[in-house]
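Chain and residue survey
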Amino acid sequence: FSLGVMYHDGVGMAAADNKIAYQYFLRAYQLGDARASRYLANGVKNNDPEALFNMGKYYFQPPAGTLANVSKAVEHFYAAAKAGHQEALSELLLLAKDSGTGIPGNKEAQYYLGQLYAEGGKEIKFDPREAATWFYRAMLQEHELALDQFQKDVPELYRLYKRLDEDQEDENKENENGNIRYA
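Read on for an overview of the structure. It should be emphasised that the depicted structure is a prediction, and the values quoted were computed from it without experimental measurement.

A word on the packing of aromatic side chains
One pass over the structure, following the stated rule, counts five aromatic pairs. Judged by centre distance (5.7 Å) and plane angle (40°), the ring pair of F53 and F77 falls under tilted. Of this pair, F53 sits in helix α4 (residues 49-60) while F77 is found in helix α5 (residues 70-82), placing the two residues 24 residues apart along the sequence. Under the relative-accessibility criterion, F53 is labelled buried at 5%. Residue F77 is classed as buried on the basis of its relative accessible area of 1%. Judged by centre distance (5.6 Å) and plane angle (70°), the ring pair of Y58 and Y59 falls under edge-to-face. Taken together, Y78, Y111, Y112 and F135 form an aromatic cluster joined through their ring pairs.

Set out below in structure tokens:
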């Protein structure tokens, strides 16, 4: 816990390092130090990507004797990924993908990936095709919000994708004909 505070506050170092601080807070929390939960909760409340990611890890792999809460883990990974945390995005992708054993991926993770690609963001490029794919996969597993999203947003995403695709084809044809289009 104390190391977490030192890294969080930058005590004895050139600058604070929240990534390392929240790792120490998570470890202290897993070992039963209630003081660490204040720092984690405050970081989550302030949408700190490192705190969100570490809380996702906590819910996904809690201390011995505690049941995992995959839904809460996915929610925290989503919020961290939305704020640009690459490891959180990787965790979502791992949870969402099929395991190769015939077991479908986690429908919550699939839905949230659809959201990320539909909205775009700091580290995630807007991609209507990816959004529709992930919404569809979650919908196949009867995820209620994905069903609504698929009916409401996917037709619009598809139209946008087709328009972007047609614009790209037009640009390619112009370049083939020697015409240069300046933005």
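Side note on the environment of A146
Mapped onto the elements of the fold, A146 is located in helix α9 (residues 144-152). Assessed through its relative accessible area of 0%, A146 is described here as buried. Residues A146 and W134, spaced 12 residues apart in sequence, show a C-alpha to C-alpha distance of 8.8 Å. Ignoring anything within four residues of it in the chain, the contact list for A146 reads Y111, F135, A138 and M139.

Some points on helix α7 (residues 107-119)
Taking 1.5 Å as the rise per residue, α7 with 13 residues should run 18 Å; its terminal C-alpha atoms sit 18 Å apart, in good agreement. Here α7 has its buried residues at A109, Q110, Y111, Y112, L113, G114, Q115, L116 and Y117. The N-cap residue of α7 is N106: its side-chain oxygen and the backbone nitrogen of E108 are 2.9 Å apart. Phi for G120, located one or two positions after α7, is positive at around 70°.

Brief notes about the pattern of salt bridges
When charged atoms on two side chains of opposite charge get close, those side chains can pair. Tallying each qualifying case throughout the model produces one salt bridge. In this structure, K82 and E119 form a salt bridge, with 3.5 Å as the shortest nitrogen-oxygen distance. Of this pair, K82 sits in helix α5 while E119 sits in helix α7; the two residues are 37 residues apart in sequence, bridging distant segments of the chain.

As for the side chain of H85
Looking at the element boundaries, H85 is found in the loop between α5 and α6 (86-96). Residue classification places H85 among the buried residues on the basis of a relative accessible area of 6%. Among the polar contacts listed, one links the side chain of H85 to the side chain of E50, at a separation of 3.2 Å. Every residue in contact with H85, bar those within four places of it in the chain, is listed here: P49, E50, F53 and A80.

Examining unusual backbone geometry
The backbone of N47 shows a phi angle near 55°, a positive value even though the residue is not glycine. Looking at the secondary structure, you find N47 in the loop between α3 (34-45) and α4. Here N47 falls in the exposed class, since its relative accessible area comes to 52%.

Focus: α3
If you check α3, its first and last C-alpha atoms are 17 Å apart, about what 12 residues at 1.5 Å a residue would give, namely 16 Å. What α3 keeps buried is the set A36, L40 and G43. The arc enclosing the buried residues of α3, seen along the axis, measures out at 60°, which places them on a common side. Of the exposed residues in α3, the ones pointing more than 90 degrees away from its buried face are A34, R38 and K45. Within two residues after α3, N47 carries a phi angle of roughly 55°, on the positive side.

Reading guide: rules and limits
- Residues numbered from 1 in each chain as written.
- Predicted model: local features only at pLDDT ≥ 70, side-chain atom pairs only at ≥ 80, totals over all residues.
- Heavy atoms only, no water.
- Phe/Tyr/Trp six-rings, centres within 6.5 Å; stacked < 30°, edge-to-face > 60°.
- Helix = DSSP H or I, 4+ residues; strand = E, 2+ residues; numbered from the N terminus.
- Buried < 20%, exposed > 50% of the residue type's maximum accessible area, 1.4 Å probe, protein only.
- Contact = heavy atoms within 4.5 Å.
- Expected span 1.5 Å × (residues − 1).
- Polar contact = N/O pair within 3.5 Å; in protein donor to acceptor, adjacent residues only side chain to side chain.
- Salt bridge = Lys/Arg side-chain N within 4 Å of Asp/Glu carboxyl O.
- Arc of directions from axis to C-beta.

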